[in-house]
Amino acid sequence: MLAYANQRLALGTHGGMLHIIDLSGQHIKSFTAHSASVSDISIDTTGDFIATASIDGQVVVHSLSGAEAPSFNLKRPVRTVSLEPNFAKSSSRSLISGGMAGNLILHEKGWLGYKETILHSGEGPVWQVRWRNNLIAWANDIGVKIYDTQSQTRITFIDRPPDSPRADLFKCTLHWQDDSTLLIGWADQIKVARIRTRPRKSPSTSNIPLIVEITAVFQLDCMVSGIVPHPLSQPASPVPMDAIMKSNGSGSVRSTSSAPLALTAFLVLAYTPPDMSLLTGNEATSDRAEQARKQAERPELRIISRAGEELAADALGITNYERWNCNDYVLVDIDAGPIKGPAAGVAMERYYVVLSPKDLVVVKPRDWRDHVAWLVERKRYEEALEEIERRSGEADASGEQDVVDAVQIGHKYIEYLISEDDFVKAARLCPKVCGQDTKRWEDWIFVFAQKHQLQAIIPYIPTESPTLGPLVYEIVLTYFLAHDRQALLQTIKTWPKGIYDIAAVIVAVQSELERAPSSSSMKPTGPDTVILMECLAELYTLNRQPGKALPYFLRLRRPNVFDLIKENNLFTDVQDQALLLVEFDRELREKRKEVGQEIDTEPVSAITLLVDHIHSIPIGRVVQQLQSRPFYLYLYLDALFHKDPHLTSPYADTQVELYAEYAPKRLIDFLRASNYYNLEKAYNVCNDRDLVPEMVFLLGRMGNNKKALNLIIERLGDVNRAIDFAKEQHDDDLWEDLLRYSETRPAFIRGLLENVGAEIDPIRLIRRIKNGLEIPGLKGALIKILHDFNLQVSLLEGCQTILNGDCADLVFKLHKNQTSGFFLSAKTPCPLCNKPISQPPDGIVLLFLCRHVVHAHCVEHGDDLPHQPDPTLIGLGIGGQPGLSGKIAFTAILRAKIRQGCPVCHKKGEGERA
């Protein structure tokens, strides 16, 4: 026998032993309860008191925590026992038992011990009794009765059909689903009894406070070895299975009409009898074949809905099941405790235990994990993974530990897909299966590589969280290098730089570039060559080698070259790439000009870069590279000359040729600003190109003024330029030549007359004019000469008047300053030593007309000045002349000694000169 309460199981054996175990199977305690088989067990809700009944006629109550163990000897085999609810807390410690004697006995504890009360007798053996609150239900050969302990009355009788199989062979199972619902499973029938309070306005005159209704009766195709309620997660189907309607002897109606759907069904332990003679009553047959014991079939657990539909059936693997009969099995429901549920928050973990003579089978309802296992067995991996993913959120919310290994299922699914050659789908599954496990990622990537299907998994390979080994990423880049170079470039740009060996990839790409056609030219032509160069440029940049990336950027004509050079200070690296830089910059400017963008004037950006960094990019190196492109050389030298004319001194002759070729108008400015070119070579260059103004300038520098003047007169015919040239040279002979050349040229005579100035006397020119020579505009020229002469005379007279007035004002001011007095005290400081002029008292003080007063010893050579004569000695006729004449004489001596005048004014004058 088997019973459960408060996380404990009680097992009664055929030998009369009672074993207590917990739900994990650990042994708690054992009792030697009886001398014969234990027929029934009842456990108090606390799990501390266990009552056992045996066919040895004994009923014993065992305590796990105390020594109390009352026993009752009923003299006849006892089939069933039940403790009252809350037995441990009850003062009466009541229990009820019944057996083969046919008596239902209530045992109650009193002052003098237990007393026994027979509640019912005379209707055959009592097969089972169950006590719930104040209701006691028991079964005998006649049927099932329910007793109300509160009113001490029997409230109903549920009869047993007359054609039912033997009660001793097919036991009756009573199970209280709740305080008002009793499940009855007997032989091949299930009945559901509902107990409710009798209505107050009921016309019945009965004093029974409760009434019982049979709400459902189900006829089965098997025998019921046990029945318990089973909660459903979804409502059952409303289609009835085999509902019947019968009436009992008193005329009460039992129906199985379509009841409203409930949240519970029935879990039935089904036993199919092998010997049908037990059902037909043909037990006394003389046929030995029929008398032979038949082997029983495997017992089943069936879930039957409230509507009578069989929802599920599972056969149990019981040891020696073919030897056991219906009464050998027991079904117990287990409420293992509260667990967190996904919906309501808290739910009860419910499962079941099936007992056979040799086995104790734990039966748990199938859940989504079983469904997943079922799907995996049928290789429906995708559905299994979807179910796991759908349930994972619920498991996280409930705190339930997921025992399903989704990763293992995912691995099996990937293996299955690869075996079916569905590599794309297998690759798409890898992120979910591999997650953060680098080892799994690498293993699967190598599998795809071995199958030559690397392109399928590449889009899903992670570069961070997790980061795989460098070898994996290098394999991917090598694959792209061989099959898809555009993808290689995009991958290099998007992947983080630290996840693979950049140097190794550079070597591989460089080797591929060397084999590519047109790779050695300065400007790539093939598309593959362009992509490979872009890859190398990106790789060198990632590897912090911008100097090595620069040549590729230049060859690829990338607009960011100049920014790259400046940001990374690559001026030393471009000293051999000057021509490439300038050509590239010119191309960029042409493209911008074509699309209508405004561009800066010369010099171009490349030239500016080369000129601004001559210490890193030597001038000679740049000139050597630009020799083949004279125009670029002209731009470079011109920019360099504007920065510092001395920088281009070694290349002055070259510059003359370049200016004459590309900027003739600017050649004269260069000739005037530079002193480093060869005059003869420069003259020859200008002569070859017939650059007359430049030739005139060079002839002037060479000292051949006459030839220069002749060029101006003969080639240019510009009298103004001839006059300017003569003025610049300050050579009277040159003026004479100009006058001689002009004697026969009226235009020159007129020009000279109009522009003549202080350099030449107009009378000198007029006298050289031959009689009869017609000079257009001569009158105007003469009038202009006279007008200019009168203007000069007026200016001279005005300046003289102003000068005279200023002199008179200054003379008056000087006289006033020298003759007027000024305030002087003993504390007035000396301007030279800043000491009062009264110190020392016997010293000489010099007063100048500029009003500066200084000590005599502060002036230059002041120590050599004579001392002032003593007035007393002068009165005696010693040391000088008395009176004013003596003072004047002494002053004259001092003035002769001080030659520079006032030392203060002299010092100021020296400062102004400095």
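Cut-offs and rules
- Residues numbered from 1 in each chain as written.
- Predicted model: local features only at pLDDT ≥ 70, side-chain atom pairs only at ≥ 80, totals over all residues.
- Heavy atoms only, no water.
- Helix = DSSP H or I, 4+ residues; strand = E, 2+ residues; numbered from the N terminus.
- Contact = heavy atoms within 4.5 Å.
- Salt bridge = Lys/Arg side-chain N within 4 Å of Asp/Glu carboxyl O.
- Buried < 20%, exposed > 50% of the residue type's maximum accessible area, 1.4 Å probe, protein only.
- Pairing = 2+ DSSP bridges.
- Axes fitted to C-alpha atoms, helices over the stretch in contact; angles between N-to-C directions.
- Expected span 1.5 Å × (residues − 1).
- Polar contact = N/O pair within 3.5 Å; in protein donor to acceptor, adjacent residues only side chain to side chain.
- Core = buried A, V, L, I, M, F, W, Y, C linked by side-chain atoms within 4.5 Å.

Caption draft 1: Structural view of the environment of Ile28. Here Ile28 lies in strand 4 (residues 27-32). Contacts of Ile28, omitting those with residues within four sequence positions, involve Arg8, Ile20, Ile21 and Asp22.

Caption draft 2: Expanded view of the pattern of salt bridges. Enumeration according to the criterion identifies 23 salt bridges in this entry. Among the ionic pairs, Arg130 bridges to Asp40, the shortest N-O distance being 3.2 Å. Of this pair, Arg130 sits in strand 13 (residues 126-132) while Asp40 sits in strand 5 (residues 38-43), and the two are 90 residues apart along the sequence. Where Arg196 meets Glu213, a salt bridge forms, and the shortest distance between an N and an O atom there is 2.7 Å. Here Arg196 is found in strand 19 (residues 189-197), whereas its partner Glu213 is found in strand 20 (residues 210-219), with 17 residues between them in sequence. Given the relative accessible area of 34%, Arg196 is considered partly exposed. Among the charged side chains, a salt-bridge network with shared partners connects Asp221, Glu300, Arg302 and Glu310.

Caption draft 3: Quick peek at the sheet that holds strand 3 (residues 17-22). A sheet is described by the order of its strands in space; here 4 strands give the open sequence 1-2-3-4, paired in antiparallel fashion. In this open sheet, the two strands that pair with only one neighbour each are strand 1 (2-5) and strand 4. Neighbour-to-neighbour, the strand axes of the sheet open up by a mean angle of 15°, direction not taken into account. In terms of strand pairing, strand 2 (residues 8-12) meets strand 3 through 5 bridges, oriented antiparallel.

Caption draft 4: A look at helix 11 (residues 502-515). With 14 residues, helix 11 extends 20 Å between its outermost C-alpha atoms, agreeing within 8% with the 20 Å of an ideal straight helix rising 1.5 Å per residue. Buried residues along helix 11 sit against helix 9 (470-483), helix 10 (485-494), helix 12 (527-542) and helix 13 (546-555). At the N-terminal boundary of helix 11, the capping side chain belongs to Asp501, with an oxygen 3.2 Å from the backbone nitrogen of Ala503.

Caption draft 5: The arrangement of the nonpolar core in detail. Core analysis: the largest hydrophobic core is formed by 117 residues, its most contacted members being Tyr500, Leu581 and Tyr636. It is helix 18 (residues 630-643) that contributes the most residues to this core, 9 residues altogether. Those residues within four positions of Leu581 in sequence are excluded, and the remaining contacts are Leu554, Val561, Phe562, Ile565, Val574, Ala606, Leu609 and Leu610.

The values are spatial; any link to function lies outside them.
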